[in-house]
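Listed here are the chains, written in short residue letters.
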Amino acid sequence: MKNRVALSPTVLKVVAQFSAAMRADDGIEEDAIDRLERLLRQGTVPKPDAINTALFNSPLDGDT
Amino acid sequence: MIRIKNIHIEEFRGIRVLDLDLATKNFGICGPNGSGKSGVVDAVEFCITGDVTRLSGQGSADLSVKAHAPHVDQHEHPEKSNVTITADIPSLGKSVKIHRSVKNPRKVQITPNDADVKAVIEELQTHPEFALSRREIIKYIITPPGKRSEDVQTLLRLEHIEKLRKNFKTFCNKRKSEEEEAARSHKRAETDLKDALKIDKLDRALVLEKVNEKRKLLGLQDLTELTKDVSFKAGVAAQEEGEKKPTLRKTTAIADISALLSAIKDGVPPRLAERQQSAKTVLQKLKDDKNALTLARRHGFIKTGLDLVTEDACPLCDTEWNAEELRGHLRKKLLSAEEIEQLLGQLRDDIDAILQSLSWRIQMVKRAIQYSQGLKPPLEHAELSGYLTELKSAETALTDFVKDNNEAELALQAVSLSWWSPKADEQACINECHSALNALPDTSAEDEARDILTVAQERYEKLLAATRMAKERKARSVIAQKTLDHYNSTCTKVLEDIYDEVAQHFTNYYLVINREDEDEFVGRLKSAPAKLSFDVDFYGRGLFPPGAYHSEGHQDGMGLCLYLALMKHTLGDKFTFAVLDDVLMSVDTGHRRHVCRLLKSEFPNTQFILTTHDRVWLQYMKTEGLIARSQSFAGWTVDTGPRVWDDHDIWTELQNELDKNDVPTAAGLLRRYLEYTANILADNLRVRVEFRGDGHYDLGDLMPHVLKEWRKRLEDGETSAAHWKRDDEKNALAAKRAKAKELIAKTNAKQWAINPSVHFNQWANLQPHEFREVVTAFKELLENLACENPNCKSYLYVLPRKGKAEEMRCNCGATSINLKARA
């Protein structure tokens, strides 16, 4: 398991504003944005496949 | 973050054993070059991070912490090399002991090992920039924009943002690639249905017309609508039980193979030939340009190289070069990012068209193999299988290239293949299959109609599935692109805001230091893809890179200010600790006090550990109240490490030595302290001495002049007080001057200062009670030169620092002697 560190305030700011921009976009499902935001707030940079899963597939497991 | 109380160092770098008592306050470490100051910085960095930048940075390939962090005499015993730091954690209200041994640099002992304490130390480990040398700080100022962007982003912890951007980009590319693949499958499915029904275009009415034509032959009712659930075979009698499903249907199979043969015979379609040629040209261009894709990836590196070529020699190794020639060479190598993007876009379109034809050909060859196998007896098709493998390899090479733009060589081979015309033996297989199919017994019109409806139904269902897939993939691709766009625009905005804020703080800090000479100074950070330019005002003449016109001293100041602005942004209230290793060596005297004020006023909650080789600079830090404690290193030997002594309680230390009747030790201590103090007093009082180019002045060079100047300044004060008719002040100063004369006589300073070695020995030979008198005399004499306020006790200094002396004052302001006799 990779080490996770607390995200810096700057990263958190980017995640918050990015999520807001996504939510303002009618073409993207709210649930998908929720899953993606949860993923981005974890301590590691998510891999492309994890981003795909968050946006298009089922919700991620609790520990991912 | 932490505030350090104590540092204990054993057998580390140039240090044997050393204890530093910081008491969570700002702390100064002073000593000449090579006296072991940076060893302390290394020790702090090591204890907290397990690393020593000096042993792991550029040009240190053969160095390692484990092998070279221990003292040279212990390099085979890393277990003896240890550092322990005790510190407070203000945010938790707890204390912590951090211990690390070079034997196992990755393992840190934290006591207490509470989760919250551990979290603080782990976070600190991720900020190794709490300890920086001048060389590291100046890199933010004078490096090329590309490198600065990396360095600043690293310090601001923005690499996470950049990695995430890359992953979003990869994710987006994959979805785009899937979208394109699904579109090709859809196109193939359309073609298949058209071939089955022998129609030229896919039109609902035309499909229904053809289907109903066949149904009519079977006496079935017309279909009226082409829905997704429609069955072309509705009403066709089900196959009888036990009747084997035909492996091939003659009409459809002949139609397929005929289409394949016809396509081969007609030769490469002109449009495909154009696409192939276009793709080949672009791929060849990329390949010929020393693999321009690699260059494109190294775009930033080459740009950095261009930025570095400003003079006629390499800034790293000083090898001479012709700057103009080299710049021309680099420009030739440099394909602009825009050009590469355009080329890749064009290439992507070309490859997509090629893949469209290629996948259709693959499908047709697969069917030829399938029909060859279905004939009785089956036909030999090894050559066709070989052809199929070749086609699939080309398809894989092209789809892989589209995904990641790697392996241009394979893609070039793929587009260069003359796969359209099969080899003779492959062609023979196809011909043989076609002949064998034609030789099959003819079927009735009804059977043919039934076969066509069955195949059309299969292909229609595949087309529906391919349509759904294409729509879904396109929708995902659109969302992926939107996600990437939203992320990019968010990052740009956030970064611009950050850079604006950092630039504003930088400007404010710089003005604290330089307002007197640059009151309209501004600094600007401007972000562009892969670079961060930094421009500063130069005396109102415009904005220029810091290295363009500003002096080294100003650049040092800018380095510190930018570092502080970046740390303030990154850590905010958590910026409670920083080690600055000789970072302001080029800042001149006039600006040093301002630097002290900047650190004190803007960062009152940050514990600074500052090293300097300049004793006067150290004294400024003290008189300005920046540092409360300090440690001076008098010299260093490989056997003993730095020779150190505390100056904050020198008289107690002397008393302790005398209580032990150790006159030689006490004599040495007093001697070094007086040498140190004479330097400070000479600077404070603006004493004139015989100039020495090496800047080395011994006690005899300074102390007699210091004491003479002191009496002179007091006399000037008396004259001024008399001029302004302030008799009380005049009398007090006269008394002070008389006392000074008496104390100077008592120390016999003039006599012993002439020959340091002789008098050093003479002191060492004194009896304890005799030397105690010497100590007392010097203590009283130095008190005479200092403020009488017990909370201040700073040595008086003359203002201004240059020009006509106007005032002699202490740090707290309780003592202020007017030196001006006239307004």
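What counts, and where the lines are drawn
- Residues numbered from 1 in each chain as written.
- Chains lettered and ligands numbered in written order.
- Predicted model: local features only at pLDDT ≥ 70, side-chain atom pairs only at ≥ 80, totals over all residues.
- Heavy atoms only, no water.
- Contact = heavy atoms within 4.5 Å.
- Buried area = accessible area lost by both parts, 1.4 Å probe.
- Salt bridge = Lys/Arg side-chain N within 4 Å of Asp/Glu carboxyl O.
- Helix = DSSP H or I, 4+ residues; strand = E, 2+ residues; numbered from the N terminus.
- Axes fitted to C-alpha atoms, helices over the stretch in contact; angles between N-to-C directions.
- Parallel < 35°, antiparallel > 145°, perpendicular 65-115°, else oblique.
- Nonpolar A, V, L, I, M, F, W, Y, C, P; charged D, E, K, R; others polar.
- Pairing = 2+ DSSP bridges.
- Buried < 20%, exposed > 50% of the residue type's maximum accessible area, 1.4 Å probe, protein only.
- pLDDT = per-residue confidence, 0-100.

Engineer: Describe the interface of chain B and chain A, naming the residues involved and giving the relevant values.
Structural biologist: Chain B puts 26 residues into the contact, and the matching count from chain A is 28 residues. Across the interface of chain B and chain A, roughly 2,400 Å² is buried in total on both sides, 72% from carbon and sulfur atoms. Remark: the boundary between chain B and chain A carries two salt bridges. Residue Lys482(B) pairs with Asp25(A) through a salt bridge whose shortest N-O separation is 3.0 Å. For the side of chain B that touches chain A, the elements supplying multiple residues, two or more each, are α7 (159–197), α18 (445–514) and α20 (552–571) of chain B.

Engineer: Any chance you could break down the environment of Tyr620(B) for me, citing the residues and the numbers?
Structural biologist: Assignment of secondary structure puts Tyr620(B) in helix α22 (residues 615–623). C-alpha separation for the pair Tyr620(B) and Arg592(B), spaced 28 residues apart in sequence, amounts to 7.2 Å.

Engineer: So, the packing of helix α1 (residues 9–23) of chain A against helix α2 (residues 30–40) of chain A: which residues are in play, and what are the values?
Structural biologist: Residues and elements named next belong to chain A. Two elements in contact, α1 and α2, have axes whose closest approach is 10 Å; the angle formed by their N-to-C orientations is 170 degrees. Judged by the angle between their axes, α1 and α2 are roughly antiparallel. On the side of α1, the interface is formed by Val 15, Phe 18, Ser 19, Met 22 and Arg 23, while α2 contributes Glu 30, Ile 33, Asp 34, Leu 36, Glu 37 and Leu 40. Of the residues belonging to the contact of α1 with α2, the class tally is six nonpolar, one polar and four charged.

Engineer: Kindly report on the sheet that holds strand β1 (residues 3–12) of chain B, identifying the contributing residues and their values.
Structural biologist: Residue and element names in this part refer to chain B. The sheet built from five strands is open, its strands ordered β2-β1-β4-β5-β6 with antiparallel pairing. One side of each edge strand has no neighbouring strand; the edge strands of this open sheet are β2 (15–21) and β6 (108–111). Each strand axis lies, on average, 10 degrees off the axis of its neighbour in the sheet, ignoring direction. Where β1 and β2 come together, six bridges link them in antiparallel fashion. From the neighbouring strand, Asn 6 faces β2, where its bridge partner is Asp 21. Lying on the sheet, helix α1 (residues 37–49) is in contact with β1, β2, β4 (82–89), β5 (94–101) and β6; it crosses β1 at an angle near 105 degrees. Its contacts with the sheet put helix α4 (residues 115–125) on β4, β5 and β6, and the angle it makes with β5 is roughly 55 degrees.

Engineer: Now, about the environment of Pro144(B): what can you tell me, with residues and values included?
Structural biologist: All names here are of chain B. Tracing the sequence through the fold places Pro 144 in the loop between α5 (134–142) and α6 (145–155). Taking relative accessible area as the criterion, Pro 144 reaches 12% and is therefore assigned buried. Placed 390 residues apart in sequence, Pro 144 and Phe 534 show a C-alpha to C-alpha distance of 9.3 Å.

Engineer: Any details on the pairing of strand β12 (residues 607–612) of chain B? Residues and values, ideally.
Structural biologist: Residues and elements named next belong to chain B. The buried fraction of β12 amounts to six of the six residues, a majority that puts the element mostly inside the structure. Alternating residues of β12 divide into Gln 607, Ile 609 and Thr 611 and Phe 608, Leu 610 and Thr 612, and every residue in both groups is buried. The pairing of strand β3 (residues 27–30) with β12 spans four bridges and is classified as parallel. Across the sheet, residue Phe 27 finds its bridge partner in β12, namely Ile 609. Note: strand β11 (residues 577–581) against β12, five bridges, orientation parallel. Across the sheet, Leu 580 pairs through a bridge with Leu 610, a residue of β12.

Engineer: Residue-level account of the confidence of the model for chain A, with values.
Structural biologist: Close inspection of predicted coordinates is inappropriate for parts of the model with low pLDDT. Chain-level pLDDT for chain A is 82 on average; 80% of the residues reach the 70-or-more range. For the stretch residues 59–64 of chain A, pLDDT sits under 50, and the model shows eight contacts to residues farther than four places along the chain or on other chains.

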